[in-house]
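What follows is the residue order along each chain.
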Amino acid sequence: MSLATPDPTVEAPALDVDPFGPEILADPIPFHERLRAAGPVVHLPRYDVYAMGRYAEVHAALVDWQRFQSAAGVGLSNFRSEKPWRPPSLLLETDPPHHDAPRHVLEPILNPRALRALRPRWETAAEELVEDLLERERFDAVSNLAERFPLRVFPDAVGIPEEGRENLLPYGDHLFNAFGPVNALVEKGLPRIAGVSGWVNEQCRREVLSADGFGARIWEASDCGDITAEQAPLVVRSLLSAGVDTTVHALGAVMAGFLSSPEQWERLRAEPARARVAFDEAIRWESPVQTFFRTATCDVRVGDVVVPEGRKILMFLGSANNDPSRWERPEEFDLDRDPSGHVGFGMGIHQCVGQHVARMEAECVLHALARRVKKIEPDGIPVRHLNNTLRGFSSLPARLVAR
Amino acid sequence: MSLSSSPAAAGRPAPVVASVGASGRVALVVTAKDPVADGVVRLRLEAPGGLRLPDWTPGAHIDLGLPNGLTRQYSLCGDRWDPRSYEIAVLREPDGRGGSAFVHDHLAVGDGIEVGGPRNHFPLVPADRYLFVAGGIGITPMLPMIEQATMLDTPWSLLYGGRRRVSMAFVDRLARWGDRVTLWPQDSHGLLDLASAVDAEPSGTKIYCCGPAPLLAAVESVCTDRPVGHLRIERFEAREQGPPVRTTGYEVELARTGTVLGIQPGDSVLDALAAAGAPVLASCRQGVCGTCETTVLAGTPDHRDSLLDEAQRRRNDCFYPCVSRSASDRLVLDL
Ligand code: FES
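Every value quoted in this text rests on a predicted model; they were computed, and no experiment measured them.

**A look at the pattern of salt bridges**
Okay, so step 1: Summed over all chains, the structure comprises 55 salt bridges over all chains.
Okay, so step 2: Ionic pairing is found between Arg80(A) and Glu309(A), a salt bridge with its closest N-O pair at 2.9 Å. A residue pair is termed long-range when its members are at least 10 positions apart, and Arg80(A) in the loop between strand 3 (68-69) and helix 4 (100-110) and Glu309(A) in the loop between strand 7 (305-307) and strand 8 (312-316) qualify at 229 residues.
Okay, so step 3: Put simply, Glu281(A) and Arg284(A) hold a salt bridge, and the shortest N to O gap is 2.8 Å. With a gap of three residues between them, Glu281(A) and Arg284(A) both fall in helix 15 (residues 275-286), about one helical turn apart.
Okay, so step 4: We classify Glu281(A) as buried; its relative accessible area is 0%.
Okay, so step 5: For Arg284(A), a relative accessible area of 0% gives the class buried.
Okay, so step 6: Via salt bridges that share partners, Asp64(A), Arg67(A), Arg52(B) and Asp55(B) belong to a single interconnected network.

Quick look at the structure:
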């Protein structure tokens, strides 16, 4: 491990902006350009944290769990000195060795092989959804599609009851807001959060979960001692926390891609097998999860700057995914691109364990659309949904032309 | 599927992780080779250019693809906080098929070698206490487990047997743990007293054992009353199997191409798949390494591997074609 050497070092360039302010959240692209131009690492005096926006450094830091830890929290709040608002996630907010057992349990439950059994059901659900959209003709690609499909199939797959599922979106939205500073977005969620998170915790109990879902499999892992009975509900909670809003915004992103680039829709229709590429390209292009923090475990040298031990560093995944030194014409949503290597799911040991679930959801929806729909056209002004961590839309009015 | 556009070539950053090739392996370089006991050498392997290696967890092993065509599994015994090197220890096995002899006699510092994995069939799971039981070179996976148990503040003890004291590797590295470690050279102490060691452990103890087959069998026999999942064993040799379920031939269907292969009772499914051009990698060919794992879409396998436990076998969703066969007339594979 290379620690800071006594070579001359320089102060990190400062950018006096609020990356969690409404202007940047609504359109982060100009800020990302400034961030990448300013240097490999910058200082944000507003929150007294460091930040990285270039692909090379963000990627390198994400895989380097030894020097960029997650256990001090992946939000602004530093768990070394502040108490987290909820018990920390056993996956997202831990490092080895504590991270190993929960990750080891969850991986085989969510790997493509294990998911295959769900596929026929999800395909049917996707076909029904598309039939319904065709009947409406005009629809909202967020509320009628991006929100609806995951909320239909994912809670079933986890095995939670029907009742109360409307709590999932506000829970996820607040959780991702809470990784940022306590601003108006967080305050907006506060009045409801106790009730909503109480409901979520309740769904993680063994008695509540159906016998055939991911949740039951997690509890089975505790029967043979792969995790403890205390850990099991927290691992279930991770699914409910991380598996809904992210997928909703990712599906919104892929729809936004097709709405803004009709020729790409032609491309998908001509070759529906590109559905997977389309989804990962949308995640690169729009980066539904925009940011996560890491904390330096020692004095870490980045370029000529030393980030002191214990300091928070904000990783701009969205900026890395649009860095022109890594991607040609990054601003284009392009199905002919190879988006592999994007950091939209993270990278390294914390890379999204549920990515195959999201990919299979998207693939089912895109295949069903490609089969039945000739054209998807914008039908009004898209409206951004603001969140301290997520990038997405609250509305994407659209119109369909059947095949 | 072919993807035509390439990233901006000029500004593309150098990779920070050694990349795994189409063979599922990376080419590493031997950067150190030291004797650590009679008949045991320790190797350090690094990526050329000092790139990071894929992460691993205690209990993980790598496959060493030897230039003589053999593939062997070795547990990682170094420090996972060091992302740039892997450490393994290799025992010279006089009766082996030549893998360990090659490492001892021919593999030198500076040589390149193909490495697959890491994979972990022997993960350290949470426990109130751990009892580590190592026989001979079976000590290797225990070393990072001990470090990790210490970090987790979980009490542990180690029972370490070997033929002779001088043949036992890493005794010096274990010295700092004082009486948590019991060394048991067979020539001066006789066989390990597993029964009393296991009896002395409370019910929340998880028992990890790695070593020669007779040791594994012995520890299994004294742990029959322990709850499911409380005994964890790493096998580098195949487990004894009962007779095959069927004595007649069967069919294997490759779902993606529709090909149907007729398999005679004594034939290896892996060989038949290879002959049909199906993309299955293999390594140990004994059902212990997991390399050839294949997804079962329909039919009932006759599992003959040493990897899956009873619950996993009953799921009928995967099997290892190097040793396993079919119990049903037809087995449909996701290939
Ligand atoms: S090749 Fe090792 S399990 Fe089949």
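**Quick notes on unusual backbone geometry**
Okay, so step 1: In this structure, Pro97(A) follows Pro96(A) across a cis peptide bond, with omega equal to 5 degrees.
Okay, so step 2: Checked against the element boundaries, Pro97(A) lands in the loop between strand 3 and helix 4.
Okay, so step 3: The omega torsion of the bond from Gly117(B) to Pro118(B) falls at 0 degrees, within 30 degrees of zero and hence cis.
Okay, so step 4: Tracing the backbone shows Pro118(B) in strand 6 (residues 112-119).

**Let's talk about the interface of chain B and chain A**
Okay, so step 1: Tallying the contact residues gives 38 residues for chain B and 39 residues for chain A.
Okay, so step 2: Counting each side, the surface lost to burial between chain B and chain A is near 3,100 Å², with a carbon and sulfur contribution of 54%.
Okay, so step 3: Between chain B and chain A we count four salt bridges in total.
Okay, so step 4: Asp226(A) serves as the salt-bridge partner of Arg232(B), at 2.6 Å between the closest nitrogen and oxygen.
Okay, so step 5: Along the contact surface separating chain B from chain A lie 11 residue pairs in polar contact (both at pLDDT 80 or more).
Okay, so step 6: Of all the secondary-structure elements, those providing two or more residues to the side of chain B that touches chain A are helix 2 (142-151) and strand 14 (294-298) of chain B.
Okay, so step 7: Grouping the amino acids of the side of chain B that touches chain A by side-chain chemistry returns 18 nonpolar, 10 polar and 10 charged.

**Concerning the environment of Arg84(B)**
Residue and element names in this part refer to chain B.
Okay, so step 1: Relative to the elements of secondary structure, Arg84 occurs in the loop between strand 4 (71-75) and strand 5 (85-91).
Okay, so step 2: The partly exposed category is assigned to Arg84, whose relative accessible area is 36%.
Okay, so step 3: Remark: the alpha-carbon pair of Arg84 and Arg52, spanning 32 residues in sequence, is separated by 4.8 Å.
Okay, so step 4: With sequence-adjacent residues up to four places away left out, Arg84 is seen in contact with Leu45, Glu46, Ala47, Gly50, Leu51, Arg52 and Leu53.
Okay, so step 5: Reaching out from Arg84, the side chain makes a polar contact with the backbone oxygen of Gly50 at a distance of 2.8 Å.

**Some words on the pairing of strand 11 (residues 231-234) of chain B**
Okay, so step 1: In the sheet, strand 10 (residues 205-210) of chain B pairs with strand 11 of chain B via four bridges, with the strands oriented parallel. Paired with Cys209(B) across the strands is Ile233(B), a residue of strand 11 of chain B.

**A closer look at helix 6 (residues 213-222) of chain B**
Residues and elements named next belong to chain B.
Okay, so step 1: Among the residues making up helix 6, those that are buried are Leu215, Leu216 and Val219. The arc enclosing the buried residues of helix 6, seen along the axis, measures out at 100 degrees, which places them on a common side. Of the exposed residues in helix 6, the ones pointing more than 90 degrees away from its buried face are Pro214 and Ser221.
Okay, so step 2: Those residues of helix 6 hidden inside the fold are in contact with strand 7 (129-135), helix 5 (194-199), strand 10 and strand 11.

**A few points about the sheet that holds strand 8 of chain A**
Residue and element names in this part refer to chain A.
Okay, so step 1: Strands sit in the order 1-2-8-5-3 across an open sheet of five strands; the sheet is mixed. Sheet topology places strand 1 (42-44) and strand 3 at the edges, where each strand pairs with a single neighbour.
Okay, so step 2: Relative to strand 8, strand 2 (residues 49-52) is paired through three bridges, and the arrangement is parallel. If you follow Met52 over to strand 8, its bridge partner there is Met315.
Okay, so step 3: Together, strand 1, strand 2 and strand 8 form the strand contacts of helix 2 (residues 29-38), whose direction differs from that of strand 8 by roughly 120 degrees.

**Notes on the nonpolar core**
All names here are of chain A.
Okay, so step 1: Of all hydrophobic cores here, the largest spans 84 residues; its most connected members are Trp122, Phe149, Val158, Phe214, Ile218, Phe258 and Leu369.
Okay, so step 2: Ranked by the residues each element gives to this core, the list is headed by helix 17 (residues 355-372), at 10 residues.
Okay, so step 3: Leaving out residues up to four positions away in the same chain, Ile218 has contacts with Leu106, Ile109, Ile227, Ala232, Val235, Val236 and Leu239.
Okay, so step 4: Listed in part, the 30 residues of the second largest apolar core include Val41, Phe179, Phe292 and Val343.

Definitions and cut-offs
- Residues numbered from 1 in each chain as written.
- Chains lettered and ligands numbered in written order.
- Predicted model: local features only at pLDDT ≥ 70, side-chain atom pairs only at ≥ 80, totals over all residues.
- Heavy atoms only, no water.
- Salt bridge = Lys/Arg side-chain N within 4 Å of Asp/Glu carboxyl O.
- Helix = DSSP H or I, 4+ residues; strand = E, 2+ residues; numbered from the N terminus.
- Buried < 20%, exposed > 50% of the residue type's maximum accessible area, 1.4 Å probe, protein only.
- Contact = heavy atoms within 4.5 Å.
- Buried area = accessible area lost by both parts, 1.4 Å probe.
- Polar contact = N/O pair within 3.5 Å; in protein donor to acceptor, adjacent residues only side chain to side chain.
- Nonpolar A, V, L, I, M, F, W, Y, C, P; charged D, E, K, R; others polar.
- Pairing = 2+ DSSP bridges.
- Arc of directions from axis to C-beta.
- Axes fitted to C-alpha atoms, helices over the stretch in contact; angles between N-to-C directions.
- Core = buried A, V, L, I, M, F, W, Y, C linked by side-chain atoms within 4.5 Å.

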